[in-house]
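This is what each chain is made of:
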Amino acid sequence: PFLENVINHPEFRAGNATTRMIDTTPELFHFKPRRDRATKLLRYLGDVSVNENPYAKGFKPSGPFPTPRVPKAPRGTEIQKGSRDLLLELGATKFSEWVRNEKRLLLTDTTFRDAHQSLFATRMRTYDMLRVAPAVAAMTPNLFSMEMWGGATFDTAMRFLREDPWQRLTQLREAIPNICFQMLFRGSNAVGYTNYPDNVVAGFIKHAATNGMDIFRIFDSLNYLPNLKAAMEAVQDTHAICEGTICYTGDILDEKRDKYSLKYYVNLAKELEQMGAHMLCIKDMAGLCRPAAASKLVSALRDEVGLPIHFHTHDTSGISAASVLNGAHAGVDIVDAAIASMSGGTSQPNLNSIVAALQHTERDTELDLDALNRYSDYWERVRPVYKPFDTAPPHGTAEVYLHEMPGGQFTNLKEQAEAMGLGRRWPEIARTYADVNDLFGDIVKVTPSSKVVGDMTMFLVTKGIKASEVYDLPSNTPWPESVIDMLSGGLGQPPGGFPQKLVEHICGDRVEIRTKRPGEYAAAVDFEKSRKELEKRIERPANDDDVWSYLMYPDVFVTFDQHRQKYSDVSVLPTSAYFYGLLPDEEVSIEIEQGKTLITRLTHVREPDEHGIRTVSFELNGLERSVEIADKA
Ligand code: 3PY
Ligand code: ZN
């Protein structure tokens, strides 16, 4: 590397080099790290094969996983224009008018985001998406959109998958140029769990749109609309669609539960229209919108607002398809659904079956059922590789109407309970969750407010205290931080505010109570300062993607980047190899870039030497290679 630096130096090339150049040109000693990706990946594979991936929960496959057959469009199929082409041609406003006038029921495929977030803790890797992506672009160009980003994926990609979320967006965009991409955006909480300054929220939206995002579904976890403003306004400066969102909770059919009534939702919708939404989303994150409620709500919204309506629900109850079909009859414009083998339970209803149910009716979706069934076969074969995370209940449950937990939280909280040895007390946990909701004044529960209810629930259950006994505890009890933050106004205000008595009891005089929009308390971020701070931490120049990831999740990003520097980009590994390493004699093909493939076979793992070091041998494109791995056992 030193010689390379000398030869490439401008002074040397200009023929001005003298012997003093070495002393006077310190940059000759700045060596670029060698981009030896093969060695780094072998180190990773060796390490996971010996020490396990800390995030694979100790799961050991009994043999290699079946190889899924990747659906392919017939040779010569040209990629037809789709919704994205139309959006770019018409612009957001005219595009939305087109949606509203369309006779077909339009469909959003959530397989790449909410389905796996709700079924297996958001662990789906870009690798598995990219393999099927070209088929989706070619065989179902008439999907309305693909939800493939946002929500918990941003955090999880870096934290557990060691992937760059921006790279996922760019790679999928290249593979699917024709269908609108959609993301879930948590208003002033962006893709995180806390409030971010307005300029961070707005800048993130613009960076995502530049990188290919087309539809921003923007919600607030308490339906506190001032929290949506910065994000909604930022979308107006891009080509993209601003989907203003109503989070649905309660039951509009139950006249006794009148806090979240039809009127409440219609008013919210009108406000969102005023705030500049191009489309409206009914976000039924827990799957509580019963079939008759869907008819009533969609009809009312179609009558009272001029925007297209997008219905999002979860199948936790097992009957959400009835709500979707009722919505379709009442004139809903778009619905969310997941590919058959990734649907049901805490995920979305079954896209394939909805398409079949509507064939030869007025709302025929005109999607190719055969193609959708081929995607389903693919995902059915892929899904077992995620087995340790795939813990969603295998059947529908009416318990959801009691606890009202969002699909994405249900499996997580159950896991958490299991890990704390409280698995058998699940019914009590579900009941307590409902009681905590009442204690908080009956709030909307969705990330991050749902997490606060979950935190309080686990706090009470582990202490053996009932929600009704909270007032018997002293004010200075060490309540979960998230509870103190939310009750003191850190997330904004629910309709009617939080119960005053509870706020006083829990917050006491230890925190300031804030009633204004949380964004007003947050100072704007200086991006160049953040970039410098980041560059110091990662010891290399940072690009814009890096800075945005860092602003969302500072420590998670830095840890991820250290992993990336040490092992290179591990998203190129097949999923079984990423999570479980290689079994003896197992061979995988790793495409590190187009046309550059590493055929890698694990040949031998030696016994540890006296320092606990094992030599792991591979055959790499036919050549022997080995790496030394410290056995942590
Ligand atoms: C998220 O915020 O991640 C959600 O999926 C909420 O439903
Ligand atoms: Zn959802």
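These numbers were taken from a predicted model, which means no experiment stands behind them.

(A) Representation of the overall build of the protein chain. Per the secondary structure count, the protein chain includes 27 helices and 12 strands. The C-alpha atoms of the protein chain give a radius of gyration of 26 Å, which matches the 26 Å a tight globule of 633 residues would have. Viewed in the frame of its principal axes, the protein chain has a C-alpha envelope of about 85 × 65 × 55 Å. Residues classed as buried in the protein chain amount to 58% of the 633 residues present.

(B) Structural detail: the site of ligand 1. Taken together, the neighbourhood of ligand 1 is formed by Arg113, Gln117, Gly151, Ala152, Leu184, Arg186, Phe219, Lys283, Met285, Val446 and Thr447. At 2.7 Å from an oxygen atom of ligand 1 is found a side-chain nitrogen or oxygen belonging to Lys283. When isolated, ligand 1 has an accessible area of 230 Å², and the protein chains bury 96% of it. Considered class by class, the residues forming the shell around ligand 1 number five nonpolar, three polar and three charged.

(C) Local environment of helix H25 (residues 544-552). Most of H25 sits inside the fold, with eight of its nine residues counted as buried. Within H25, the full set of buried residues consists of Asp545, Asp546, Val547, Trp548, Ser549, Tyr550, Leu551 and Met552. In this structure, the buried residues of H25 make contact with helix H9 (153-159), helix H10 (165-175), helix H11 (198-210), helix H24 (527-538) and helix H26 (554-567). Between the side-chain oxygen of the N-cap and the backbone nitrogen of Asp545 there are 3.1 Å, and the N-cap of H25 in question is Asn543.

(D) Structural detail: empty space enclosed by the protein. Tallying each qualifying case throughout the model produces one cavity of 30 Å³ or more. Empty space within the largest cavity amounts to approximately 40 Å³. What lines the largest cavity is Pro61, Gly63, Pro64, Phe65, Ser576, Tyr580, Gly581, Leu583 and Glu586. By residue class, the composition of the lining of the largest cavity is five nonpolar, three polar and one charged.

(E) Geometry of the coordination of the zinc ion (ligand 2). The coordination sphere of the zinc ion (ligand 2), as far as protein atoms go, consists of Asp114 (OD), His312 (NE2) and His314 (NE2), spread over 2.0 to 2.1 Å. Along the chain, the residues donating to the zinc ion (ligand 2) are arranged with the sequence spacing D-x197-H-x1-H. Linking Asp114 in helix H7 (residues 111-119) with His314 in the loop between strand E7 (309-312) and helix H15 (320-329), this pair joins segments that are 200 residues apart in sequence. Owing to a relative accessible area of 3%, Asp114 belongs among the buried residues under this scheme.

(F) The packing of aromatic side chains, seen in detail. Following the criterion strictly, the structure yields 29 aromatic pairs and no others. Measuring from centroid to centroid gives 5.6 Å for Phe95 and Trp98, while their planes differ by 35°, and the two rings are tilted. Here Phe95 and its partner Trp98 are both found in helix H6 (residues 92-101), three residues apart, which amounts to about one turn of the helix. Owing to a relative accessible area of 0%, Phe95 belongs among the buried residues under this scheme. Both rings, one in Tyr260 and one in Tyr264, keep their centres 5.2 Å apart while their planes meet at 80°; by these two values the pair is edge-to-face. Residue classification places Tyr260 among the buried residues on the basis of a relative accessible area of 1%. Positioned above the aromatic ring of Tyr193 is the side chain of Arg186, whose terminal nitrogen or guanidinium carbon lies 4.9 Å from the ring centre. The cationic tip of Lys283 hangs over the ring face of Phe219; the distance from NZ or CZ to the ring centre is 4.8 Å.

(G) Representation of the pairing of strand E6 (residues 279-283) in the model. Counted residue by residue, E6 has five buried out of five residues, so it is predominantly covered. Where burial is concerned, the two faces of E6 agree: the one with Met279, Cys281 and Lys283 and the one with Leu280 and Ile282 are both buried. As a crossover connection, the stretch from strand E5 (residues 241-247) through helix H13 (residues 262-274) into E6 is right-handed. Pairing of E6 with E7 involves four bridges; the strand directions are parallel. From the neighbouring strand, Leu280 faces E7, where its bridge partner is Ile309. Viewed along the sheet, the connection from E6 through helix H14 (residues 291-304) into E7 turns out right-handed.

(H) Up close: the pattern of salt bridges. In this structure the tally under the stated criterion is 39 salt bridges. The residue Glu593 makes a salt bridge to Arg37 at a minimum N-O spacing of 2.5 Å. Pair noted here: Glu593 is in strand E9 (residues 587-593) and Arg37 is in helix H4 (residues 37-51), with a separation of 556 residues, a long-range link. Overall, Glu593 belongs to the partly exposed group, its relative accessible area being 38%. When the shortest N-O distance is used, the salt bridge between Glu102 and Arg104 registers 2.7 Å. Within the structure, one salt-bridge network assembled from shared partners comprises Asp164, Arg540, Asp546, Asp561 and Arg564.

Thresholds, definitions, all that
- Residues numbered from 1 in each chain as written.
- Chains lettered and ligands numbered in written order.
- Predicted model: local features only at pLDDT ≥ 70, side-chain atom pairs only at ≥ 80, totals over all residues.
- Heavy atoms only, no water.
- Helix = DSSP H or I, 4+ residues; strand = E, 2+ residues; numbered from the N terminus.
- Rg over C-alpha atoms; globule rule 2.2 N^0.38 Å.
- Buried < 20%, exposed > 50% of the residue type's maximum accessible area, 1.4 Å probe, protein only.
- Near = heavy atom within 4 Å.
- Polar contact = N/O pair within 3.5 Å; in protein donor to acceptor, adjacent residues only side chain to side chain.
- Areas by Shrake-Rupley, 256 points an atom, 1.4 Å probe, with all protein chains shown as cover.
- Nonpolar A, V, L, I, M, F, W, Y, C, P; charged D, E, K, R; others polar.
- Contact = heavy atoms within 4.5 Å.
- 1 Å grid on protein atoms, 1.4 Å probe; cavity = no way out; pocket = protein on both sides within 12 Å on 5 of 7 lines; lining within 4 Å.
- Points joined across faces, edges and corners; volume = space filled by probe spheres on them.
- Donors = N, O, S within 2.8 Å, 3.2 Å for Na, K, Ca; no water.
- Phe/Tyr/Trp six-rings, centres within 6.5 Å; stacked < 30°, edge-to-face > 60°.
- Lys NZ or Arg CZ within 6 Å of the ring centre and 35° of its normal.
- Right-handed = clockwise from strand over helix to strand, strands pointing away.
- Pairing = 2+ DSSP bridges.
- Salt bridge = Lys/Arg side-chain N within 4 Å of Asp/Glu carboxyl O.

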